[in-house]
Amino acid sequence: MLHPGFSNQEAGPDFRGAVLQFAGELARTGDVEIDLHPAGWRGHGHDRNPAYRNVVLHVVWDGDSTGGCSLPTLALRSHLDAPLSELSLRFRDDSGASPLLAGQCSAPLRDLPENILREVLHQAALIRLQRKASEFAARARQVGWEQSLWEGLFAALGYKQNVWPMRRLAELVPRLLAHESKKRPTAFDLQARLLGVSGLLPVDLTRAQASTDNYLRRVWDQWWREREEFAEFILPPEIWRFHGLRPANHPQRRLALAAHWLAAGDLPDKLERWFTAKIPDNKLEGSLLEILLAERDDFWSRHWTFRSARMPKPQPLLGARRVTDLAVNAVLPGFWMRAVVGKNKAPQQIAEHRYFAWPKAEDNAVLRLARQRLLGGAAARSLRTAAMQQGLLQIVRDFCEHSNALCENCRFPELVRSLRAERSPAGR
């Protein structure tokens, strides 16, 4: 094994991107699945799950390949040369991070002066802003700026697991808002339509919580009256992904929030006024939250999903930290690109300033791995803002995703070394 790959915190194999070389063969990249016994491969249904199609090694604690899978199988128990407790210490350095995670750029990045590292992240963050903004421009040429904004907001509510289905629902917003009655739909009307078209309405009402029963029946009553009108747009439930989702981020609850935005009818205008207003940097997050935080919802303020128990205290439909995702992924890129297209320098500078001043977002698995792999688990002081986090993610996208766990043919380490040489006193 040339590299064990990276621990997978989501659905699928236990390790992704391992680099292995079997006797007489060239090195190959693939996934590794770990089970206690060989029979776990079929017992857990891995042989029928397409998420495991790239597995190249089945690691087990004890046993042979009998009753397991046709893949190469490694039984660890007979190969260990020390107790597990001792081995776990051996494979960790003083910082608690495994040295196997460090990429080839970790050493040169660690040696960069703080100001140069911040500059690298700043430039990468600007590239990420421009990339996201270009997506808005391309869509706006087809459907206009307001519709492209809706699609960006919905996609940001989907997070990485459910970006596509949420964006698809946003594409249907003009149709969902229109109705034969010509009456502007209420938040409840739109919740019924969004949840119905999404395919996320529970079919079996008997499995719902008692506190859910009345609301769910009302939604179904409303949806049955309109279902035929939207039948061709209903999404299959199988496209939604729930593994690793926090209850607050469940798409049912996010769609309930989006229904409030659409029912209000003035969200784009409010965002426009927010963007042109003079707001201190330390008030940016709170001021945007005030706009995006819907009024209290009788049902969704006390439920995470249709099947969750009623919460003792009402919870907001949007948290302060999630506002950052909406700001850096939708609101600011959209306004920035609109200013660029209109050749209006002042609002472009406002968007850039707010983007780089925005407080950091919540941590996630990609950021944690990137910090360990690129920054050696240190230099967290350079990631004090959301933009610096975005910069790190852009480096991962531009370089790490185009290489393997051994960093083969990756140009980033050499770019970092050349940058340090250029900025050092001897290089001037």
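Look a little higher up for the structure.
Predicted model only: the values in this text are computed from it and were never measured.

Chemist: Explain the side chain of Ser287 to me, using residue names and the numbers behind them.
Modeler: Within the secondary structure, Ser287 is located in helix H12 (residues 284-292). One polar contact links the side chain of Ser287 to the main-chain carbonyl oxygen of Lys283, over a distance of 2.9 Å. Those residues in contact with Ser287 that sit more than four places away from it in its chain are Trp274 and Ile279.

Chemist: Could you give an account of a nonpolar patch on the surface, with specific residues and numbers?
Modeler: A contiguous nonpolar surface patch, about 230 Å² in accessible area, is contributed by Leu76, Leu80 and Leu84. Tracing the sequence through the fold places Leu76 in the loop between strand E5 (73-75) and helix H2 (84-90). Relative accessible area serves as the criterion here: at 30%, Leu76 is assigned to the partly exposed category.

Chemist: Can you tell me about the packing of helix H5 (residues 145-158) against helix H11 (residues 267-276), naming the residues and giving the values?
Modeler: Relative orientation of the contacting elements H5 and H11 amounts to 90°, with a least axis distance of 11 Å. With respect to each other, H5 and H11 are oriented roughly perpendicular. On H11, the residues that touch Glu146, Leu149, Trp150 and Leu153 of H5 are Leu267, Pro268 and Leu271. A class-by-class count of the residues in the contact of H5 with H11 yields six nonpolar, no polar and one charged.

Chemist: An account of the nonpolar core is requested, with residue identities and associated values reported.
Modeler: Leu153, Phe154 and Trp274 are the most contacted members of the largest nonpolar core, which totals 97 residues. Residues within four places of Leu153 in sequence aside, it is in contact with Trp261, Leu267, Leu271, Leu326, Ala330 and Val331. Within the second largest apolar cluster, six residues are counted, among which are Val32, Val56, Leu57 and Val59.

Chemist: Before we move on, could you go through helix H6 (residues 163-171) and cite the residues and values that matter?
Modeler: Every buried residue of H6 is listed here: Pro165, Met166, Leu169 and Ala170. For H6, the angular spread of the buried residues around the axis is 145°, confining them to a single face.

Chemist: Run through the pairing of strand E2 (residues 15-20), naming residues and quoting values.
Modeler: Relative to E2, strand E1 (residues 6-7) runs antiparallel, the two being bridged by two bridges. Bridged to Ser7 within E2 is Phe15. As defined by bridge partners, E2 adjoins strand E3 (residues 28-35) across four bridges and the pair is classed as antiparallel. Bridge pairing links Phe15 to Val32 in E3.

Chemist: For the environment of Gly30, give the residues involved together with the corresponding values.
Modeler: Take Gly30: it is sitting in strand E3. Between the C-alpha atom of Gly30 and that of Leu57, which follows or precedes it by 27 residues, the distance is 8.1 Å. Sequence-distant contacts of Gly30, that is, excluding residues within four places in its chain, are made with Arg16, Gly17, Ala18, Asn54 and Val56.

About the thresholds
- Residues numbered from 1 in each chain as written.
- Predicted model: local features only at pLDDT ≥ 70, side-chain atom pairs only at ≥ 80, totals over all residues.
- Heavy atoms only, no water.
- Helix = DSSP H or I, 4+ residues; strand = E, 2+ residues; numbered from the N terminus.
- Polar contact = N/O pair within 3.5 Å; in protein donor to acceptor, adjacent residues only side chain to side chain.
- Contact = heavy atoms within 4.5 Å.
- Patch = residues over 30% accessible without salt bridge, like charges linked within 9 Å, V, L, I, M, F, W, Y side chains within 5 Å.
- Areas by Shrake-Rupley, 256 points an atom, 1.4 Å probe, with all protein chains shown as cover.
- Salt bridge = Lys/Arg side-chain N within 4 Å of Asp/Glu carboxyl O.
- Buried < 20%, exposed > 50% of the residue type's maximum accessible area, 1.4 Å probe, protein only.
- Axes fitted to C-alpha atoms, helices over the stretch in contact; angles between N-to-C directions.
- Parallel < 35°, antiparallel > 145°, perpendicular 65-115°, else oblique.
- Nonpolar A, V, L, I, M, F, W, Y, C, P; charged D, E, K, R; others polar.
- Core = buried A, V, L, I, M, F, W, Y, C linked by side-chain atoms within 4.5 Å.
- Arc of directions from axis to C-beta.
- Pairing = 2+ DSSP bridges.

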